[in-house]
Amino acid sequence: MAGVTNVAFRTLCRELEQQKAGTVSGLYVCEMVTARALVERHPVTMHMTTFAPDESPRSLQLYTVDPKHTYDAAKMIVEENLADHIDMNFGCPVPKVTRRGGGAALPYKRRLFGQIVSAAVRATAGTDIPVTVKFRIGIDDAHHTHLDAGRIAEQEGAAAVALHARTAAQRYSGVADWDQIAALKQHVTTIPVLGNGDIFDASDALTMMASTGCDGVVIGRGCLGRPWLFAELSAAFTGRPAPTPPTLGEVADIMRRHGRLLADHFGQDKGMRDMRKHIAWYLHGFPAGADLRRALALVKTLDELDTLLDGLDRDVPFPAAAEGPRGRQGSAASVTLPEGWLDDPDDCTVPAGADVMHSGG
């Protein structure tokens, strides 16, 4: 997730899984970076591809709109040993992306989509680097693309596909349609199919897998303010007892660790600015008081973060109000597309300017 899954957050998730589950079994994917910006070695993009020294496997997510930059970026990843796994994201529903034909709009162009997946697979041929592909159900209810996208990705050599069971028009609103994950699983038979959407606790993951037959799950908003979710998933998948949910004091300790990791990655000033959005997610559902919340929303230093967190009642147990959806939800809206985008699904014209817009990462 853009702005969230940097090396600091991934390190925190891995540490908590190791501490609570005794193992690290999850695959933690870095923030989405643009293929063109990676090839051009944009400084911000290169910093976004930072991995911890002991992070394995290193999973790098690409946003891409054309075969050439896809091939060049994947080849660069191989030749410079930048990652052990490439995940291609065609799920972004943001209007500034779809209006240029990128993100969740792109799989509608079936031949172009296939050429992009093929380019990444060709660039990694002969290596141990798998290429996986994530996409949505489609543009809207009248333009589903997921079955074609799954079939094409499978044919072009993708190692797995993942479906966020919403359309681009839904954005993050409403309820994910898990029936479409089941349909994709029936349609794609030779590679794993992963499900994504509305997994906010371990029981949701088990229910999704049981009801759809999917081979695994992808976690997005469910881990916002809950980096220990992966330890709970690990326990659920292996039949071990679930870890005890953290008290408010334990959450405060996790927040301190997160803040220090962000300061190490960005420097203290930017690290604390980045930490502010996480604080609201961490305290979701907990009694913290309006004044303390406001002060934390303006935190500027690690020392100030420590002092403010000392004001929380450490003995408060994890509340039911802290469970369930978190992060952006919003409402459904029509999808902004380039003029004539829906006229010909077999048109291979590369979307103009979609990668330039994201050249900063």
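This is a predicted model, so every value here is computed, not measured. (Residues numbered from 1 in each chain as written. Predicted model: local features only at pLDDT ≥ 70, side-chain atom pairs only at ≥ 80, totals over all residues. Heavy atoms only, no water.)

Here the focus is the overall build of the protein. Along its length, the protein carries 15 helices and 8 strands. A compact globule built from 361 residues should have a C-alpha radius of gyration of about 21 Å, and the protein, at 20 Å, falls within 12% of that. Each principal axis of the C-alpha atoms in the protein carries an extent, and together these give about 60 × 45 × 40 Å. Per-residue burial over the protein gives 55% buried out of 361 residues. The long-range share in the protein, meaning contacts at least 24 apart out of those at least 6 apart in sequence, stands at 74%. Only carbon and sulfur atoms are counted for the fraction: they give 51% of the accessible area of the protein, which is about 14800 Å². Where the 37 positive side-chain charges of the protein centre and where its 44 negative ones centre are 3 Å apart. (Helix = DSSP H or I, 4+ residues; strand = E, 2+ residues; numbered from the N terminus. Rg over C-alpha atoms; globule rule 2.2 N^0.38 Å. Buried < 20%, exposed > 50% of the residue type's maximum accessible area, 1.4 Å probe, protein only. Contact = heavy atoms within 4.5 Å. Areas by Shrake-Rupley, 256 points an atom, 1.4 Å probe, with all protein chains shown as cover. Lys, Arg positive; Asp, Glu negative; His and termini not counted. Charge placed at Lys NZ, Arg CZ, Asp CG, Glu CD.)

Take the state of the cysteines next. For the coordinates displayed, the defined rule picks out 0 disulfides. No disulfide involves C223; its sulfur sits 5.6 Å from that of C13, the nearest cysteine. A residue is classified by how much of its surface remains accessible, and C223, at 2% relative accessible area, is buried. (Disulfide = S-S within 2.5 Å.)

Attention now moves to the pattern of salt bridges. Under the definition given, this model contains 23 salt bridges. The shortest N-O distance in the salt bridge between E232 and R226 comes to 3.1 Å. Linking D274 and K277 is a salt bridge whose minimum nitrogen-to-oxygen distance equals 2.6 Å. Taken as a pair, D274 and K277 lie in helix α12 (residues 268-282) at a separation of 3 residues, close to a single helical turn. Through salt bridges with shared partners, a single ionic network connects D253, R256, R260, D306, D310 and R314. (Salt bridge = Lys/Arg side-chain N within 4 Å of Asp/Glu carboxyl O.)

This part is about the pairing of strand β3 (residues 85-90). Among the 6 residues in β3, 6 count as buried, and that is most of the element. In this structure, strand β2 (residues 59-63) lies alongside β3, joined through 4 bridges in parallel fashion. When the sheet's bridge partners are listed, L60 is paired in β3 with I86. In the sheet, β3 pairs with strand β4 (residues 131-140) via 5 bridges, with the strands oriented parallel. Counted as the bridge partner of D87 is T132 from β4. (Pairing = 2+ DSSP bridges.)

Moving on, we get to the nonpolar core. Ranked by size, the top nonpolar core spans 67 residues in total, and within it L62, I77, F113 and F135 carry the most contacts. When residues of this core are assigned to their parent elements, the largest contribution, 7 residues, is made by helix α6 (residues 110-123). Counting residues in each nonpolar core, the second largest holds 30 residues, with L12, L248, M275 and F318 among its members. (Core = buried A, V, L, I, M, F, W, Y, C linked by side-chain atoms within 4.5 Å.)

Right, let's talk about unusual backbone geometry for a bit. Note the cis peptide between S56 and P57, where omega equals -5°. Counting through the fold element by element, P57 comes out in the loop between α3 (43-48) and β2. The phi dihedral of D198 falls on the positive side, at around 65°, and the residue is not glycine. The residue D198 is located in the loop between β7 (193-196) and α9 (202-212) in this model. Classification of D198 as buried rests on a relative accessible area of 17%.

A word on α9. Those residues of α9 not exposed but buried are A202, D204, A205, M208 and T212. Down the axis of α9, the sector holding all buried residues measures 160°, keeping them to one side. Taken together, the buried residues of α9 touch α8 (178-187), β7, β8 (216-218) and α10 (229-238). Just downstream of α9, G213 is the residue with a positive phi angle, here 80°. (Arc of directions from axis to C-beta.)

Another aspect to go through is the packing of helix α11 (residues 248-266) against helix α14 (residues 302-309). The N-to-C vectors of α11 and α14 enclose an angle of 175°; their axes lie 10 Å apart at closest approach. Accordingly, the angle class assigned to the pair α11 and α14 is roughly antiparallel. Only L302, L305, D306 and L309 of α14 make contact with α11, whose side of the interface consists of A252, M255, R256, G259, R260 and A263. Its residues assigned to classes, the contact of α11 with α14 comprises 6 nonpolar, 1 polar and 3 charged. (Axes fitted to C-alpha atoms, helices over the stretch in contact; angles between N-to-C directions. Parallel < 35°, antiparallel > 145°, perpendicular 65-115°, else oblique. Nonpolar A, V, L, I, M, F, W, Y, C, P; charged D, E, K, R; others polar.)

Here α11 crosses α12 at 150°, and the two axes come no closer than 8 Å. As summarised for this structure, α11 and α12 are arranged roughly antiparallel, according to the angle between their axes. Viewed along their axes, α11 and α12 form a crossing whose handedness is right-handed. Along the contact surface, α11 presents V251, I254, M255, H258, G259, L262, A263 and F266, while α12 presents Q268, K270, G271, M272, D274, M275, H278, I279 and Y282. The class makeup of the residues in the contact of α11 with α12 is 10 nonpolar, 5 polar and 2 charged. (Left-handed = near helix turned anticlockwise from the far one by under 90°.)

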